[in-house]
Amino acid sequence: MHITDILVTGEPIIYGAMVSMALVGIALFFLLTYFKKWGWLWREWLTTVDHKKIGVMYILSALLMLFRGGVDAMMMRVQLAFPDLGFLNSQHYNEIFTTHGTIMIIFMAMPFLIGLMNIIVPLQIGARDFAFPYLNALSFWSFFFGMALFNISFVIGGSPDAGWTSYTPLSGAAMSPGPGQNFYLMGLQLSGIGTLATGINLMVTILKMRAPGMKLFHMPIFTWSTLVTCFIIVFAFPILTVALALLTIDRIFGSQFFTLTGEGLPMMWANLFWMWGHPEVYIVILPAFGIFSEVIATFAKKRLFGYNVMVWSMIVIALLSFLVWVHHFFTMGAGAFVNSVFSISTMLIAVPTGVKIFNWLATLYKSKIEFTVPMLWSLAFIPSFILGGVTGVMLGMAAADYQFHNSYFLIAHFHYVLIAGTVFACFAGLVFWYPKMFGHKMNERLGKWAFWLFFFGFHVCFFPQYFLGLDGMPRRLFITNVVEWLPLNVISTVGAFGMGLGFIVFVYNVYYSFRYSERETTGDSWNGNGRTLEWATTTPVPYYNFATVPYVDEIDPYVRMKEEGKTTFEESKVKPIHMPSYTGQPFIMMAFLGLASFGLVFEWMYVAVFGLLGGVVMMIRRSFDYDDGYYVPVEEIKRTEKKARGL
Amino acid sequence: MANSKKRVPMNHVIGFVLSLVMTLVAAWAAIGSDLPVTWIIIGIMILALLQAGVQLFMFMHVTEAESGNGHVPWNMMFHGFALAGIIVAGSLFTMSFGFDHDHGGGGGDHQQHEEQEQQDHSGH
Ligand code: HEM
Ligand SMILES: [Cu+2]
């Protein structure tokens, strides 16, 4: 075996990527060594179990993936606007749309939202960490190594190329030999462990660790959306786990679950995939709804209109999301009756979604709106998302879907819901809670530039795609020099670059704000408009979050606390606080499992067995680990609080 | 935490060994034995039920009493069963219902045979 056997060779773009990856790697190594930061990296980040730090790492990874997925997208758009340039060949194009889709959903949208949940949910319910902090670190590292594994595929071994849906029989061993599809299977499997564990972890945290007095129907709406999302995760992800495992066994050990031969059922993959896949799209939209609700209520300076209805509509959406999966394969050939049933259930889902839209509008109605950057993202979300929802209902009509299916109309639909929904929410949430995380706000002027560039870029990019779809342009096609399609494709590409520009301004703003933004002095960063408990903490948030946990028996408790002059520090009530200790075990355990997955990708069984054994040894160590954490002494709490509050 | 040091959780050890043994027996039945297929399937099914029993009674909280606010372990299990129902019934519904091979005068069937034949020819 020679190194060139597994490195991808012959593509100038990939050589460029290899060189730049190596350069970045060397630069990081050099910087960390030069500034003697290795110890810091290990002590402060790699071994942390603090939910706030883990959240920051999630968000950083997600931004990195947004960049990677974004570059994939730009490359596809260049190919489509200038088809005669021969920029990408068909194989390369296939690999790029596959990694783009997978990365954006699994390694960008979910970790971004999970990162925000990590940081904000415990603060919103008055908890000092997750229910299982060790498990939380484990989740992050499983996601991280899964992401790393998936991302190296394009330089080592070759990327998967069967679409993010990875339909069999195409993705089976017979038609996609080699490691490509294995990267998909193992990357998703590894990171899926983390997602499932986070689902359970947050569910327990929210159900068991709320501040005294806080009933479920007192919880902030973002926490509610997280809880509902966790239920979907816990019920939907096992289906993906099983489907991935079956396909892995098919590919690596030669079984025949999804093969064409040996009475396999290739269509069963599509069925299982979408049984997870549709709930998955709700996993990434419900937290987004939660974020928008928080932002809109804060800057409309009103209690969220119809709080109870908002909660119930989320619960109904969650239930319905398990009953519509067939709408992704109406054209597979089930009879008219089956399609009709799922057509109706699909359209039903638009009802609770519409209810939510009206509630947001009613919250805004006659309010004094403050046009901050997070509010701009949230306001832009409403009309944009409606366009996505309406076209979703069009797709939901089974008969019409025979025309729309797998055309650019579908592409436009899901980008309208995923970008205008999830991505806008990620930006809104990040800007909104940024001061809580980093102690300073993002610059508003640059933030507005980023917003307007991204917003216009988005519509210019995806609106024409509805019409491309209606003109018959199919998805996943790299030859598009059909004269009728060309003008719209060029417009769309211009829009895509507008979004890219917006992203660059956003990232520059991170740097700019770090250098120049005023440091926060109070915890209630948005002109004192905070309504929920996270704004009651000081900035920066002490690692134990709350010196004393307030008693809560209403929605938006911080509004009253401010009126009554109360804080989360009642000196007389301070007691020693029990905190979990940092540990390197999660990192090491998941590194072993990452190695095992890497071995399985190339079907090097010795590596796989070694990695798995390492993982098992780490689990056994964990079983006999009686570290109960430590207590923060009262003196230290008082000192920290007085300093933070300037008392 | 404190009492976890006191004694070995025998219940869990036995359950763990049992579930490993049953898994190995199932694997052997499928890969190594010469039993007729029907018996293998029946045997695996029975093992699966026993396996579920071990998990539920020796590891999960079926035997636990109702907790403070009236939550019984069956609560969550009910959701699990509902989901399993959706997956199994739903798959059967979408995967086998309405793929009409026998309707419309068997036209579909006919075509399939022809394709099959063509493929056979080109294969030789
Ligand atoms: C009003 C609510 C919605 C309805 C009625 C709806 C309906 C549909 C239908 C029928 C399809 C399949 C079309 C086809 O393949 O021909 C589809 C695809 C899709 N939808 Fe939606 N949708 C809705 C909301 C959402 C939301 C909120 C998201 C995610 C945030 C989403 C993400 C997607 C994705 C990713 C696909 C395409 C998957 C693929 O084939 O690669 N949809 N939608
Ligand atoms: Cu769907």
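Residues numbered from 1 in each chain as written. Chains lettered and ligands numbered in written order. Predicted model: local features only at pLDDT ≥ 70, side-chain atom pairs only at ≥ 80, totals over all residues. Heavy atoms only, no water.

Caption draft 1: Structural context of the coordination of the iron atom of ligand 1. Residue and element names in this part refer to chain A. What the protein offers the iron atom of ligand 1 as a donor is a single atom, His413 (NE2), at 2.2 Å. If you look at the iron atom of ligand 1 and the copper ion (ligand 2), they sit 4.5 Å from each other. Tracing the backbone shows His413 in helix H14 (residues 408-438). (Donors = N, O, S within 2.8 Å, 3.2 Å for Na, K, Ca; no water. Helix = DSSP H or I, 4+ residues; strand = E, 2+ residues; numbered from the N terminus.)

Caption draft 2: Geometry of the coordination of the copper ion (ligand 2). The copper ion (ligand 2) binds to the protein through A:His278 (ND1), A:His327 (NE2) and A:His328 (NE2), with metal-donor distances spanning 1.8 to 2.0 Å. Summarised as a motif, the one-chain spacing of the donors to the copper ion (ligand 2) is H-x48-H-H.

Caption draft 3: Structural view of unusual backbone geometry. Residue and element names in this part refer to chain A. Note the cis peptide between Thr168 and Pro169, where omega equals 0°. Summarising the element assignment, Pro169 is placed in the loop between helix H6 (133-152) and helix H7 (180-208). A cis amide bond, omega -5°, links Thr539 with the succeeding residue Pro540. At Asp556, a position not held by glycine, the phi torsion is positive, near 50°. For Asp556, a relative accessible area of 12% puts it in the buried group. Although it is not a glycine, Glu603 adopts a positive phi angle of roughly 55°. Locating Glu603 in the fold gives a position in the loop between helix H18 (585-601) and helix H19 (605-623). (Buried < 20%, exposed > 50% of the residue type's maximum accessible area, 1.4 Å probe, protein only.)

Caption draft 4: Expanded view of the nonpolar core. All names here are of chain A. Core analysis: the largest hydrophobic core is formed by 175 residues, its most contacted members being Phe107, Phe112, Trp276, Ile291, Trp360, Phe424 and Trp433. Looking at this core element by element, the count peaks at 22 residues for helix H9 (residues 266-300). Apart from the residues lying within four places of it in its own chain, the contact partners of Ile291 are Leu113, Leu116, Phe222, Ala425, Ala428, Gly429 and Trp433. Among the nonpolar cores identified, the runner-up in size contains 16 residues, and Val155, Phe598, Val601 and Ala608 belong to it. (Core = buried A, V, L, I, M, F, W, Y, C linked by side-chain atoms within 4.5 Å. Contact = heavy atoms within 4.5 Å.)

Caption draft 5: Seen up close, the interface of chain A and chain B. At the junction of the two partners, chain A supplies 22 residues and chain B supplies 17 residues. Interface area for chain A against chain B, summed over the two sides, is near 1,700 Å², with a carbon-plus-sulfur share of 82%. It is A:Phe235, A:Val338 and A:Tyr626 that lose the most area in chain A upon contact with chain B, and together they represent 30% of the buried surface on that side. Between the two partners, chain A and chain B, sit zero salt bridges. (Buried area = accessible area lost by both parts, 1.4 Å probe. Salt bridge = Lys/Arg side-chain N within 4 Å of Asp/Glu carboxyl O.)

Caption draft 6: Examining empty space enclosed by the protein more closely. All names here are of chain A. Enumeration over the complete set of coordinates arrives at five cavities of 30 Å³ or more. The space that makes up the largest cavity amounts to roughly 90 Å³. As for the largest cavity, its lining consists of 13 residues, and the residues nearest its centre are Ile221, Glu294, Ala297, Leu304 and Asp556. Here the lining of the largest cavity is composed, by residue class, of seven nonpolar, two polar and four charged. Approximately 60 Å³ is the volume found for the second largest cavity. Lining the second largest cavity are Tyr58, Ile106, Met110, Pro111, Ile114, Ser139, Phe143, Ser191, Gly194 and Thr195. At four residues, helix H5 (residues 90-125) tops the list of elements feeding residues into the lining of the second largest cavity. By residue class, the composition of the lining of the second largest cavity is six nonpolar, four polar and no charged. (1 Å grid on protein atoms, 1.4 Å probe; cavity = no way out; pocket = protein on both sides within 12 Å on 5 of 7 lines; lining within 4 Å. Points joined across faces, edges and corners; volume = space filled by probe spheres on them. Nonpolar A, V, L, I, M, F, W, Y, C, P; charged D, E, K, R; others polar.)

Caption draft 7: Expanded view of helix H8 (residues 221-253) of chain A. All names here are of chain A. With 33 residues, H8 extends 46 Å between its outermost C-alpha atoms, agreeing within 8% with the 48 Å of an ideal straight helix rising 1.5 Å per residue. Of all bends in H8, the biggest is about 30°, found at Ala236, and the proline Pro238 comes one to four residues later. H8 sits mainly inside the fold: 26 of its 33 residues count as buried. Gly254, located one to two residues past H8, shows a positive phi value of around 75°. (Expected span 1.5 Å × (residues − 1). Bend = angle between axes of the 7 residues up to and from the residue.)

Caption draft 8: Expanded view of the site of ligand 1. Residue and element names in this part refer to chain A. In the region of ligand 1, 23 residues are neighbours, and Trp164, Asp401, His405, His413 and Arg475 sit closest. Between an oxygen atom of ligand 1 and a side-chain N or O atom of Arg475, the distance comes to 2.8 Å. Contributing elements (two or more residues each) for the shell around ligand 1: H9, helix H11 (336-364), helix H12 (373-396) and H14. Considering each element in turn, the shell around ligand 1 owes the most residues, six residues, to H12. Here the residues of the shell around ligand 1 are counted per class, giving 13 nonpolar, eight polar and two charged. (Near = heavy atom within 4 Å. Polar contact = N/O pair within 3.5 Å; in protein donor to acceptor, adjacent residues only side chain to side chain.)

Caption draft 9: Structural context of the environment of A:Tyr511. Residues and elements named next belong to chain A. Tracing the sequence through the fold places Tyr511 in helix H16 (residues 486-516). Note: C-alpha distance between Tyr511 and Met442 (69 residues apart in sequence) is 9.2 Å. Side chain to side chain, Tyr511 and Arg515 meet in a polar contact 3.0 Å long.

Caption draft 10: Structural detail: the UniProt feature "transmembrane region" (unreviewed entry) in chain B. Residue and element names in this part refer to chain B. What UniProt calls "transmembrane region" (unreviewed entry) maps, in this numbering, to residues 12-31, 37-59 and 80-99. Counting secondary structure, residues 12-31 comes out at 100% helix and 0% strand; the distance between its end C-alpha atoms is 28 Å. End-to-end, the C-alpha atoms of residues 37-59 are 32 Å apart, and along that stretch the chain is 100% helix and 0% strand. (UniProt positions renumbered as here; feature names shortened; annotations may be inferred.)

Caption draft 11: Looking closely at the side chain of A:Thr298. Residues and elements named next belong to chain A. Relative to the assigned elements, Thr298 resides in helix H9. In this structure the side chain of Thr298 is engaged in a polar contact, spanning 2.7 Å, whose partner is the backbone oxygen of Glu294. Each residue touching Thr298, except ones within four places of it in the same chain, is listed here: Phe432, Asn529 and Arg531.

Caption draft 12: Seen up close, the side chain of A:His100. Locating A:His100 in the fold gives a position in helix H5. Once residues lying within four places of it in the same chain are set aside, the contact partners of A:His100 are A:Gly69, A:Asp72, A:Ala73, A:Met76 and A:His415.

Caption draft 13: Highlighting H14(A). All names here are of chain A. Maximum bend of H14: about 45°, positioned at Phe432, with proline Pro435 one to four residues after it. For H14, the buried fraction is high: 29 of the 31 residues fall into the buried class. Its side-chain oxygen placed 3.1 Å from the backbone nitrogen of Phe409, Ser407 serves as the N-cap of H14. At the C-terminal side of H14, Gly439 shows a positive phi close to 80°.

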